[in-house]
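Overview (structure and organization)
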Amino acid sequence: GNSQPSPGSIAGGGGGGGAIAVGGNSPGANVGGTGGAGAPNAISGTAVTYAGGGGGAGECASATAGSGGAGGGGPATVNGGGIAGTANTGGGGGGAGNPTTTTASGAGGDGVVILKSTTSFTTDSACAPVAYDGTNYVGTFKASTNINLGTANPFIGLDYLVVSGGGGGGSSIS
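Residues numbered from 1 in each chain as written. Predicted model: local features only at pLDDT ≥ 70, side-chain atom pairs only at ≥ 80, totals over all residues. Heavy atoms only, no water.

1. Side note on the sheet that holds strand β8 (residues 159–163)
- The antiparallel open sheet is built from 4 strands, whose spatial order is β5-β6-β3-β8. At either end of the open sheet lies a strand with only one pairing partner, and these are β5 (130–132) and β8. On average, each strand axis in the sheet is tilted by 15° relative to the strand beside it, whichever way the strands run. (Pairing = 2+ DSSP bridges. Helix = DSSP H or I, 4+ residues; strand = E, 2+ residues; numbered from the N terminus. Axes fitted to C-alpha atoms, helices over the stretch in contact; angles between N-to-C directions.)

So, in structure tokens, the structure goes:
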């Protein structure tokens, strides 16, 4: 989202776009827009929303910060650094408020890869655990690792979800 302030007014930043919705425009002078909504997915067996947009920040100490979008989007702040997007959701970082500060905007949340198969597989890392729910093997990859598809013949196949890391929030220092 973005906004065009009227002449002589103090601007508010638009919220970052999410996976299924654009970020909101600033609803008024010195008010940040809301981050766009992320997309829900239940590949892991539990519905989780991924890739929400970060909230936009206002421009001065009396600003109203925009909230982060559903799916891990970080909220903006007033008089400080933006809040980071939620780890392993790909949520965008929130914007930093108050241009007289030197604090950074929020970093985007790390991404994640999730694999699901009725055929057994393993990984070589504790950062990529594989669980069995009685029907499916589900692996959640939060770091680099190797996957072993085993010796099952034939390997049936798998479903996958790849969520990239979210973008960092913006700020404006006058």
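That shown, we press on.
2. Observations regarding the packing of aromatic side chains
- Taken as a whole, this structure holds 1 aromatic pair when the rule is applied.
- Ring centres 4.3 Å apart and planes at 35° place the aromatic pair Y132 and Y137 in the tilted group. (Phe/Tyr/Trp six-rings, centres within 6.5 Å; stacked < 30°, edge-to-face > 60°.)

3. Quick look at the nonpolar core
- The biggest cluster of nonpolar side chains holds 7 residues, and these are I43, Y50, V112, I114, V138, L161 and V163.
- Of all the elements in the fold, those that place two or more residues in this core are β3 (112–117) and β8.
- Beyond its immediate stretch of four places on either side in the chain, V138 contacts I43, S44, I114, L115, K116, F121, P129, V130 and A131. (Core = buried A, V, L, I, M, F, W, Y, C linked by side-chain atoms within 4.5 Å. Buried < 20%, exposed > 50% of the residue type's maximum accessible area, 1.4 Å probe, protein only. Contact = heavy atoms within 4.5 Å.)

4. Overview of unusual backbone geometry
- With a phi close to 65°, A51 is a non-glycine residue in the positive phi region.
- On the secondary structure map, A51 appears in the loop between β2 (48–50) and β3.
- Even without being glycine, N88 reaches a positive phi, approximately 65°.
- By secondary structure assignment, the location of N88 is in the loop between β2 and β3.

5. Side note on the side chain of S117
- Of note, S117 is situated in strand β3.
- Classification of S117 as buried rests on a relative accessible area of 2%.
- In terms of polar contacts, S117 uses its side chain to reach the backbone carbonyl oxygen of G157, at 2.7 Å. (Polar contact = N/O pair within 3.5 Å; in protein donor to acceptor, adjacent residues only side chain to side chain.)

6. Observations concerning the environment of G32
- Residue position: G32 is located in the segment before β1 (39–41).
- Remark: the alpha-carbon pair of G32 and G55, spanning 23 residues in sequence, is separated by 6.8 Å.
- Excluding its chain neighbours within four sequence positions, the residues that come into contact with G32 are G13, P27, G56, A57, G58, T64, A65 and G66.

7. Side note on the side chain of S105
- Assignment of secondary structure puts S105 in the loop between β2 and β3.
- Within the structure, S105 has its side chain in polar contact with the backbone nitrogen of A96 (distance 3.3 Å).
- Within the local environment of S105, its side chain forms a polar contact with the backbone oxygen of G169, the two atoms lying 3.4 Å apart.
- In this structure, S105 is in contact with G82, G94, G95, A96, G169, G170 and S171, ignoring residues within four places of it in sequence.

8. Describing the pairing of β3
- Bridging between β3 and β8 involves 5 bridges; their strand directions are antiparallel. The residue of β8 that forms the bridge with L115 is Y160.
- Where β3 and strand β6 (residues 137–141) come together, 5 bridges link them in antiparallel fashion. Looking across to β6, one finds that K116 is bridged to V138.

9. Examining the environment of L158
- Counting through the fold element by element, L158 comes out in the loop between β7 (147–148) and β8.
- Along the sequence, L158 and N136 sit 22 residues apart, while their C-alpha atoms lie 9.7 Å from each other.
- When neighbours within four sequence positions are excluded, L158 is seen to be in contact with L115, K116, S117 and L149.

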